[in-house]
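# Inside the fold
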Amino acid sequence: MHRSLLSAAVALALAALPVHYASAVPKAAASQEATTQLPRGVIPSHYDIALTPDAASGRFTAKAAITVQVTKATSSITLNAADLRFDSVSVAPAGGAADALNAQAGKASVDADAQTATFAFDKPLAPGLYKLVLDYSGVIGTQAVGLFSLDYPGSDGKQQRALYTQFENSDARRMIPSWDEPAYKATFTLEATIPAGQMAVSNMPAAGTVKLPDGRQKVSFAKSPKMSTYLLFFAAGDFERATVKAEGTEIGVVTRRGAIDQAKFALDSQKDILREYNDYFGVRYPLPKLDNIAGAGRSQFFGAMENWGAIFTFEYALLFDPASSTQHDRQEIFATAAHEMAHQWFGDLVTMRWWDDLWLNEGFASWMESRMTARLHPEWNTQLGAVGSRDGAMQRDSVATTHPVVQHIETVEQANQAFDEITYQKGEAVIRMLEAYVGENAWRSGVRSYMKAHAYGNTVSDDLWKQIEKAAGKPVTAIAHDFTLQPGVPLIRVGEPVCRNGSTVLPLLQGEFSRDQPDRKPLAWRVPVIAQVAGNAKQASTLVAGGKGTVTLPGCGAVIVNAGQSGYYRTLYAPKEFAQLAQNFATLAPIDQLGLLSDSSALGMAGLQPASSALDLVKATPVSADPQVWSRIARVFEGLHWRMTGEMSEDKTRRQRLDAYAVARLAPLMAQTGWEARSGEASAIANLREQLLDTLSELGDANVIAEARRRYAAMDKVPSAVPGPLRKTVLAIVAQHADAATWDGLRTRARAETNPLLRDRLYVLLATTDDKALAERALQLALTDEPGLTNSAAMISAVAQRYPDMAVDFALAHVEAINQRVDASSRSRYFARLAGGSSNPAMIAKLKAYAGANLAATSRGDVDAAIAAIQDRIKTNAARLPEIDAWLKQNGG
Ligand SMILES: [Zn+2]
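What comes next is a walk through the structure. Everything quoted here is computed from the prediction, not taken from an experiment.

## Let's talk about the overall build of the protein chain
The secondary structure content of the protein chain amounts to 28 helices and 30 strands. Computed over the C-alpha atoms, the radius of gyration of the protein chain is 28 Å, within 12% of the 29 Å expected from 2.2 N^0.38 for a compact globule of 893 residues. For the C-alpha atoms alone, the extent of the protein chain along its principal axes is close to 90 × 65 × 55 Å. Taking all 893 residues of the protein chain together, the buried fraction comes to 60%. Looking at the protein chain alone, contacts between residues at least 24 apart form 71% of all its contacts between residues at least 6 apart. In the structure as shown, the protein chain presents an accessible area of about 32,300 Å², 52% of it carried by carbon and sulfur atoms.

Written as structure tokens, this is what we have:
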């Protein structure tokens, strides 16, 4: 899955999330059997499903004929089912002509809490092959879980409804009674009865369509390969499809009618990516076709899903609309496709045995997404993004509520919560570090052997390490275990460098970067370290083990540890060495500038360095620095601004000092970048423009706000006043600073908008207002029928960024209504996220009360982490912001 895009403020709020770890000791080799919530003894091998959805009524009926192997005599069969009603149950020995004679009816009982159904039979079933036949019905939801519907304005202005499925991690059971666990792989043959004129899409191509006398049509799909239930897909609606052939595979995009032209960039990208992956993995893509299906609206928790042969992507991450899309959108579309396509191998062809190893799917797909983007679009220079992504993981990984990359999962709810920064970003960062350690070629040949050895099967992490170690001839498993079986972030302390005969000898000490347990005995890691003398092209590397190490570098001068930033650790320099790096900052490689900014911000806030260290680097950054370094600096300012805004004893003069300094520092960049794209400008400039306008608006820059208002006022008469790529930004600035009349005007615009992408955007923008009374109106509006069912939760989240208390109080007063508008699998996370950005001690009691009343004890990981984030923010704001303020006073803020 691709995680949904979060705004900077929400990401900040998420600085810490779920699951306590009981022990810091790496656990022994995983047990040999997968965790299961079902009795063993009955194993499915094939599902025949005939589905008849009734989109208008929100229900479906279906028939399932499941081929099962009974391995131990039993008089009942238990499988997963959620919200399903069974009308008839029968079982018969499979394979013989006398099947029907031996059929016996069964009695169904469901356990709603366990999400299971049990079918009891009078005559016990001896070991052997059987066909279990079920007639049943179920619910079509309005959020992206199970079989669900999405409504959107059609090209003729009339409301349209299309159907889709979302089954990861444990929601296939909402449409198909099944052994809904990743290790129960089986084949599937799906058949659907849908209205005439609609298009149906599944994992495999349609094998036949029959027109029914009542005007409907029955579409049957070819049999799928052996795969996990969570990868099954079905969609039906008034769709269009475009295709292109590559490497013998039909690649397609499917959109609502009228939007297919906007999918061209995704289609072309998929073609290029498939060719690269066929080569990289050494196993060709095994299905006859690969579609990417766009759906209107959004989920609070994912942007796209890797169903085998039928990727689902929300429109904002698939369609490129010249009337409103940006360079950033283009990059997201590419990266999302690259991520989901990597899963066609890592996840779909080879699947983790159980959710403990979810990172094998997500860490790998995230790493591959970055790798592929850098490779096929070097002009975007996206490899610099690795530092930001690693930073997200380290934020989360440096408090006690973190968890190891490989973690034990018992419940469905824990599996839901496992889709987090540790699984995605830390997984990605660890892979990047290990690849740098063994070398690109050894890594790839290890991956190829792993694919070959486990195709159509299930694995644990050690299956991958075994192949990599064999290919590399280096003890990579031990390092991999240190970073995946125990939580936390290593801290490398740089000792005093000694220059001798033109070389620098650099002592290194390993500690642990912990924000809330700084005095605890550090865990031990074997850490691959790469270092360099600034200005010297040659790097040197060492493995820090047993808590210390030494590296000898060619040349003398300022030293950079973690040169190239492939390591997963923070680097702490002594004041003298840090000052030397600050002096040489302008000459460092952009990726190391980003690494230094990131480490010094985090170490400064944790009190290990002066809190103002990052500002020393900002001061040393020339206007000519890489645009992505400036984007990062804009976010550093914005992060401090949010901290100062959210403080309980809010000191307005302090925040004004910061804002004034930041605006003065960013204004020359804005002047140089300009409001409109120059022909042939680098893509990074386009992204910087978007970031600068966003930050300067947040900081209250009067020039930017006035210019956005001027362009907005002219927009309807003179379309060129707001070129496509500026549209969302101008609307966002106007919305943030709107008065009541402007807010009403934006709402009128939202109501009239027929482009679902822009319509969704406008409703969320209404909730980003600075004005408290208008934010209150946005909350009220969110729960009406007007914005549409997938915008409500996003609107409340947007209010929570500025007014967490107001949003949480509102949500707590409307728990039932909110639960209907959030994915069922994600409710426990939603409230924690609303609250996580707060700096108010009272919020902690509210969260505890909510969890006590609504969540099982095993489902409170996200709430615990949100509480930890709030506590950390309260503590660091009080301790560190005065230092920032003193620096600003000294430096003319
Ligand atoms: Zn994914």
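After that view, the rundown keeps rolling.
## A few points about unusual backbone geometry
Look at the link from E168 to N169: it is a cis peptide, with omega at 5 degrees. For N169, the location among the structural elements is in the loop between β10 (159-166) and β11 (187-194). Unusually for a residue other than glycine, Q115 sits at a positive phi of about 55 degrees. In this fold, Q115 is placed in the loop between β6 (104-111) and β7 (116-125). With a relative accessible area of 17%, Q115 lands in the buried category. We note that N381 has phi near 60 degrees; this positive angle belongs to a residue other than glycine. By the element assignment, N381 lies in the loop between α5 (358-376) and α6 (385-397). By relative accessible area, N381 is classed as partly exposed at 24%.

## Describing the state of the cysteines
In the structure shown here, the tally under the stated rule is one disulfide. Across the disulfide, C499 is cross-linked to C556 (sulfur-sulfur distance 2.1 Å). With the S-S bond torsion at 85 degrees, the cross-link from C499 to C556 turns out right-handed. Of the two residues, C499 is situated in strand β24 (residues 498-500) and C556 in the loop between β28 (548-554) and β29 (559-561); the sequence distance between them amounts to 57 residues. Of the residues examined, C499 reaches a relative accessible area of 52% and is grouped as exposed. Judged by relative accessible area, C556 falls into the partly exposed class, the value being 36%.

## Quick look at the packing of helix α27 (residues 841-854) against helix α28 (residues 861-890)
Orientation of α27 relative to α28, taken along the N-to-C sense of each, is 175 degrees, at an axis distance of 10 Å. For the element pair α27 / α28, the angle class is roughly antiparallel. Residues P841, M843, I844, L847, K848 and A851 of α27 form the contact with α28, whose own contacting residues are V863, A866, I867, I870, Q871 and I874. Of the residues belonging to the contact of α27 with α28, the class tally is ten nonpolar, one polar and one charged.

## Considerations on the sheet that holds β29
Strand order in the open sheet formed by three strands is β27-β26-β29, with antiparallel pairing between adjacent strands. Two strands close off the open sheet at either side, each with one partner strand: β27 (539-544) and β29. The sheet shows a mean angle of 25 degrees between the axes of neighbouring strands, direction not considered. In this sheet, β29 lies alongside strand β26 (residues 527-533) in antiparallel orientation, the contact comprising three bridges. Each bridged residue has a counterpart across the sheet, and for A531 the counterpart in β29 is V561.

## A closer look at the nonpolar core
Judged by nonpolar contacts, the single largest core of 279 residues is most densely connected at L132, W179 and W443. Residue contributions to this core peak at nine residues, all from helix α8 (residues 421-438).

## Digging into the coordination of the zinc ion
At the metal site, the zinc ion is ligated by M1 (N), M1 (O), H339 (NE2), H343 (NE2) and E362 (OE), and these contacts range over 2.0 to 2.4 Å. The sequence motif formed by the donor residues of the zinc ion is M-x337-H-x3-H-x18-E. Of the two residues, H343 sits in helix α4 (residues 327-343) while E362 sits in helix α5, which places them 19 residues apart along the sequence.

Parameters at a glance
Residues numbered from 1 in each chain as written. Predicted model: local features only at pLDDT ≥ 70, side-chain atom pairs only at ≥ 80, totals over all residues. Heavy atoms only, no water. Helix = DSSP H or I, 4+ residues; strand = E, 2+ residues; numbered from the N terminus. Rg over C-alpha atoms; globule rule 2.2 N^0.38 Å. Buried < 20%, exposed > 50% of the residue type's maximum accessible area, 1.4 Å probe, protein only. Contact = heavy atoms within 4.5 Å. Areas by Shrake-Rupley, 256 points an atom, 1.4 Å probe, with all protein chains shown as cover. Disulfide = S-S within 2.5 Å. Axes fitted to C-alpha atoms, helices over the stretch in contact; angles between N-to-C directions. Parallel < 35°, antiparallel > 145°, perpendicular 65-115°, else oblique. Nonpolar A, V, L, I, M, F, W, Y, C, P; charged D, E, K, R; others polar. Pairing = 2+ DSSP bridges. Core = buried A, V, L, I, M, F, W, Y, C linked by side-chain atoms within 4.5 Å. Donors = N, O, S within 2.8 Å, 3.2 Å for Na, K, Ca; no water.

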